[in-house]
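Architecture at a glance
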Amino acid sequence: MVSYNDNSKSGELHITINMAITYTFDFLNMVTEISKKIVSSNSETVFISAKTDEFQFDRLGLAYFYNLLMMLTRYDKKIYVVTWLMKLFVDNVDTNKNKFENIDILETLNRDKLLYFEFRKDNDVSEAVQKIAEFIGIYCVVSLGNFLITTIGEIFSNAFNHSEEQKVYLMYDIRQKEEDYYLWINIMDFGKTIVSNVKEYVEEKYHTKYTSNECIEWAIQNGNTTRNGSGGYGLPTLINYIKAVKGELLIFSGDSIYALVENKEDIMTAKGSFYGTNIFFKIPLFDTSTFVSFDEKTNTLISIDLDDL
């Protein structure tokens, strides 16, 4: 899938990607291995190339990989990408966006480049959260009030608290598969991971040592938070919502992965490490088979299968 040639004498690490750069679980997991190899290598110069025979890619995969390579330069690494691959990044990803606009389905489907947003704590985040929630409210059969705004807002807030650079990255796309349409959302931060935060917290408070996977399991439970004050509902409520609409959710943090696919949950060890936290969710649009609402009195989601009525 990926080959490595690490020459400590020349100080060069050569990485050749033998797989598609497409936003799939296998690719995302493989990228954690690439990240770990780059960070742990004694070589200061890294060369990235890929096989050109029938090379496959998608815009979200390119944006994700590009952003990660930029982050890895902070580890005093010089990273060079083969020219034709770098041109794919430039031609397919717009990295100069910081003003979030309304999501338009047709415009997104027909757009030449994927929009890639960099937010700072004081920069347009609340507006982005509001517009994402409004879009979901329009194109899904939902009645969620402020539920999604609060949930997505807490995820962004946690990302800022963990980020070493006070930056959070957002990418989104709309995909069509046969007659179905899906919204893909990806939120990334680079800094302290969920795993490291939870390990420190439970060891200090409970004098208990958790494995990485136990840290992720702890973090997705209602009310669990390493922050002072309220919180701890962003991830669990997002998980409940994704289950209700039969979507998909992936959380990469440190060397652990939480995956919710086809309503099956799994927590597993990654191939390498993600030096921060990456949250991806995919939800169906125009799905008239399920109605989802939020009961503010009981703070619970109500899901009704309309086909059974």
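Residues numbered from 1 in each chain as written. Predicted model: local features only at pLDDT ≥ 70, side-chain atom pairs only at ≥ 80, totals over all residues. Heavy atoms only, no water.

Turning next to the overall build of the protein chain. Helix and strand counts for the protein chain stand at nine helices and 13 strands. In terms of overall dimensions, the protein chain is globule-like: its C-alpha atoms have a radius of gyration of 20 Å, near the 19 Å expected for 309 residues. Reported as C-alpha extents along the three principal axes, the dimensions of the protein chain are approximately 65 × 55 × 35 Å. Out of the 309 residues in the protein chain, the part that is buried amounts to 51%. Of the contacts made within the protein chain by residues no fewer than 6 positions apart, 66% connect residues no fewer than 24 positions apart. Accessible surface, the protein chain as shown: approximately 15200 Å² in total, 45% of it carbon and sulfur. Looking at the protein chain, you have 30 positive and 44 negative side-chain charges, and the mean spots of the two groups are 6 Å apart. (Helix = DSSP H or I, 4+ residues; strand = E, 2+ residues; numbered from the N terminus. Rg over C-alpha atoms; globule rule 2.2 N^0.38 Å. Buried < 20%, exposed > 50% of the residue type's maximum accessible area, 1.4 Å probe, protein only. Contact = heavy atoms within 4.5 Å. Areas by Shrake-Rupley, 256 points an atom, 1.4 Å probe, with all protein chains shown as cover. Lys, Arg positive; Asp, Glu negative; His and termini not counted. Charge placed at Lys NZ, Arg CZ, Asp CG, Glu CD.)

Across the sheet, four strands lie side by side as β1-β2-β3-β4; this open sheet has mixed pairing. In the strand order of this sheet, the two ends are held by β1 (2-7) and β4 (78-81), each with one partner. For this sheet, the mean angle separating the axes of adjacent strands, direction not counted, is 15°. Bridge analysis of strand β2 (residues 12-17) against strand β3 (residues 45-50) gives six bridges, and the strand direction is parallel. Across the sheet, residue H14 finds its bridge partner in β3, namely F47. Docked against the sheet, helix α2 (residues 59-72) engages β2, β3 and β4, running at close to 150° with respect to β4. Its contacts with the sheet place helix α3 (residues 83-92) against β3 and β4, and it is angled at close to 90° to β4. (Pairing = 2+ DSSP bridges. Axes fitted to C-alpha atoms, helices over the stretch in contact; angles between N-to-C directions.)

Compared with the 22 Å implied by 1.5 Å per residue over 16 residues, the 23 Å span of helix α1 (residues 25-40) between its first and last C-alpha is a close match. Along α1, the residues classified as buried are F27, L28, N29, M30, V31, T32, E33, I34, S35 and I38. Buried positions along α1 lie against β1, β2, β3, α2, β10 (248-261) and β11 (264-285). (Expected span 1.5 Å × (residues − 1).)

What follows deals with the packing of aromatic side chains. Applying the stated criterion across every chain, the model contains 27 aromatic pairs. Residues F119 and F156 carry aromatic rings whose centres are separated by 6.2 Å and whose planes lie at 70° to one another, so their mutual orientation is edge-to-face. Of the two residues, F119 sits in strand β6 (residues 114-120) while F156 sits in helix α6 (residues 147-162), which places them 37 residues apart along the sequence. Owing to a relative accessible area of 0%, F119 belongs among the buried residues under this scheme. Over the ring of Y4 we find K37; its NZ or CZ atom is 4.9 Å from the centre of that ring. The side chain of R175 reaches across the aromatic face of W184, ending 4.0 Å from its centre. (Phe/Tyr/Trp six-rings, centres within 6.5 Å; stacked < 30°, edge-to-face > 60°. Lys NZ or Arg CZ within 6 Å of the ring centre and 35° of its normal.)

Let us now look at the environment of L72. Looking at the secondary structure, you find L72 in helix α2. When residues no more than four places from it in sequence are discounted, the contact partners of L72 are S35, I38, V39, K77 and I79.

Of the pairings in the sheet, the one linking strand β9 (residues 180-189) to β11 comprises nine bridges and is antiparallel in character. Considered in β11, the bridge of Y182 is made with P284. Two elements, β10 and β11, share 13 bridges in a ladder whose sense is antiparallel. By the bridge assignment, L250 is partnered in β11 with F280. In this antiparallel pair of consecutive strands, β10 and β11, the connection spans two residues, and E262 shows a positive phi of 55°.

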